[in-house]
Amino acid sequence: MDRIIKGITKYRNCHREEMVKQFQRVRDHPEPKAVFFTCMDSRMIPTRFTETNVGDMFVVRNAGNLIPHSQHFVDELTMCEPAALELGCVVNNIRHIIVCGHSDCKAMNLLYALRDEEFASKVNRRISPLRAWLCAHASNSLAKFQQLEVAGFHEPILFQAETPLRKFVAYIDSDNKFAIEDKLSQINTLQQLQNIASYGFLKKRLERHDLHIHALWFDIYTGDIYYFSRANKRFVEINESTEASLLAEIKKYYS
């Protein structure tokens, strides 16, 4: 708390005046452009690595950047994540949903350990809210990972896209650059796009191509950020040499 209190004092002296000006500019007419789902990991600072500012995005964070599939609920509005989707995409008419996973994700590391049946047992889930959360809402990610693991990560994996008739193919870390848990993290990030598309209140906008879902992945050790390219069927690093082609792809797929 010492650090937080001192940080607030520094903010008051150094940054508050400029931030208040930004608040005043967007106060009555904010126009956020994206709903951004990411992990609660303390190393993830999405507004910094996307260079976004006051009023630009709705940011939703939880353990493992999960958006529970609508099949888990009798009422789709029973948890924070569906409520955030409605607030962003229905109430505020935001057109882009982004899911951002990352390397060395502690939630994904635990999900990887949940392959062990005893570790994932009901008894252990009763005493661990985190294990219960992952078992309930990340089991599809783990199943896809295990399917790919059997194939040695050389085969593609299929995900449902915005509608049941739209699907996309993904190759996961075909260059074998990342740790095994990071491969699971990338699969989990893509699985969330499928989960988002399961919500009925988004169906019409998705079918009209008026709402778009994207996946990013952040390597916390190098600072590199990857965009899942449906054209390339893999996560592509965003940099000076790929920016133009990725923007052209986004314009083609999502305009």
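Residues numbered from 1 in each chain as written. Predicted model: local features only at pLDDT ≥ 70, side-chain atom pairs only at ≥ 80, totals over all residues. Heavy atoms only, no water.

- Looking up the protein in an unreviewed UniProt entry gives the name Carbonic anhydrase, with the organism given as Bombus impatiens.
- Turning to the protein, the UniProt record has this under Sequence similarities (unreviewed entry): "Belongs to the beta-class carbonic anhydrase family."
- What UniProt states about the protein under its Function (unreviewed entry) heading is, verbatim, "Reversible hydration of carbon dioxide." (UniProt positions renumbered as here; feature names shortened; annotations may be inferred.)

With respect to the UniProt feature "binding site: Zn(2+)" (unreviewed entry) in the protein
Working step 1: With numbering matched to this structure, UniProt assigns "binding site: Zn(2+)" (unreviewed entry) to Cys 39, Asp 41, His 102 and Cys 105. These residues run over 67 residues, yet every pair of their C-alpha atoms falls within 9.1 Å of each other.
Working step 2: Within the secondary structure layout, Cys 39 lies in strand E1 (residues 34–39).
Working step 3: Among residues more than four places away in sequence, those in contact with Cys 39 are Met 44, Arg 61, Asn 62, Ala 63, Gly 64, Asn 65, Cys 100, His 102 and Cys 105.
Working step 4: If you trace the backbone, Asp 41 turns up in the loop between E1 and helix H3 (46–49).
Working step 5: Overall, Asp 41 belongs to the buried group, its relative accessible area being 10%.
Working step 6: Residues contacting Asp 41, with those up to four places away along its chain left out, are Arg 61, His 102, Asp 104 and Lys 106. (Helix = DSSP H or I, 4+ residues; strand = E, 2+ residues; numbered from the N terminus. Contact = heavy atoms within 4.5 Å. Buried < 20%, exposed > 50% of the residue type's maximum accessible area, 1.4 Å probe, protein only.)

Description of the packing of helix H5 (residues 106–113) against helix H7 (residues 129–137)
Working step 1: Orientation of H5 relative to H7, taken along the N-to-C sense of each, is 75 degrees, at an axis distance of 10 Å. In this view, H5 runs roughly perpendicular relative to H7, as classed from their interaxial angle. Between H5 and H7, the contacting residues are Ala 107, Met 108, Leu 110 and Leu 111 on the first element and Leu 130, Arg 131 and Leu 134 on the second.
Working step 2: For the contact of H5 with H7, a count of residues per class yields six nonpolar, no polar and one charged. (Axes fitted to C-alpha atoms, helices over the stretch in contact; angles between N-to-C directions. Parallel < 35°, antiparallel > 145°, perpendicular 65-115°, else oblique. Nonpolar A, V, L, I, M, F, W, Y, C, P; charged D, E, K, R; others polar.)

Some details on the packing of aromatic side chains
Working step 1: Taken as a whole and assessed by the stated rule, the structure comprises 10 aromatic pairs.
Working step 2: Following the ring pairs from residue to residue traces out a cluster consisting of Phe 159, Phe 168, Phe 228 and Phe 235.
Working step 3: In this structure, Arg 115 is placed above the aromatic ring of Tyr 112, and the distance from its NZ or CZ to the ring centre is 3.7 Å.
Working step 4: Positioned over the ring face of Phe 153 is Lys 183, at 5.3 Å from the centre of the ring. (Phe/Tyr/Trp six-rings, centres within 6.5 Å; stacked < 30°, edge-to-face > 60°. Lys NZ or Arg CZ within 6 Å of the ring centre and 35° of its normal.)

Points about the side chain of His 212
Working step 1: Mapped onto the elements, His 212 comes out in strand E6 (residues 212–218).
Working step 2: Judged by relative accessible area, which is 3%, His 212 ranks as buried.
Working step 3: Excluding residues that lie within four positions of it along the chain, His 212 makes contacts with Arg 95, His 96, Ile 97 and Tyr 254.

Some details on the state of the cysteines
Working step 1: A full pass over the atoms with the stated rule returns zero disulfides.
Working step 2: Cys 39 provides the cysteine sulfur closest to Cys 100, a residue in no disulfide bond, and the two sulfurs are 9.6 Å apart.
Working step 3: In this model Cys 105 remains outside any disulfide bridge; the closest cysteine sulfur is found in Cys 39, 3.9 Å from its own.
Working step 4: Using a relative accessible area of 1% as the deciding quantity, one classes Cys 105 as buried. (Disulfide = S-S within 2.5 Å.)

Some thoughts on a nonpolar patch on the surface
Working step 1: Where nonpolar side chains cluster on the molecular surface, the patch consists of Met 1, Ile 4, Ile 5 and Ile 8 and spans about 430 Å² of accessible area.
Working step 2: Following the sequence through the fold, Ile 8 ends up in helix H1 (residues 2–14). (Patch = residues over 30% accessible without salt bridge, like charges linked within 9 Å, V, L, I, M, F, W, Y side chains within 5 Å. Areas by Shrake-Rupley, 256 points an atom, 1.4 Å probe, with all protein chains shown as cover. Salt bridge = Lys/Arg side-chain N within 4 Å of Asp/Glu carboxyl O.)

Concerning the nonpolar core
Working step 1: Counting 51 residues, the largest nonpolar core has Phe 37, Ile 97, Leu 134, Leu 190 and Leu 202 as its most contacted members.
Working step 2: In contact with Leu 202, other than residues within four places in its own chain, are Leu 85, Cys 89, Ile 97, Ile 196 and Leu 211.
Working step 3: Formed by 14 residues, the second largest nonpolar core is a distinct cluster that contains Ile 98, Phe 218, Ile 225 and Tyr 227. (Core = buried A, V, L, I, M, F, W, Y, C linked by side-chain atoms within 4.5 Å.)

Details of the sheet that holds strand E8 (residues 234–237)
Working step 1: Spatially, E2-E1-E3-E6-E7-E8 is the arrangement adopted by the six strands of the open sheet, whose pairing is mixed. Each having just a single partner strand, strand E2 (57–62) and E8 make up the two edges of the open sheet. Adjacent strand axes in the sheet meet at a mean angle of 30 degrees when their direction is disregarded.
Working step 2: Note: E1 against strand E3 (residues 96–102), five bridges, orientation parallel. Bridge pairing in E3 links Phe 36 to Ile 98. (Pairing = 2+ DSSP bridges.)

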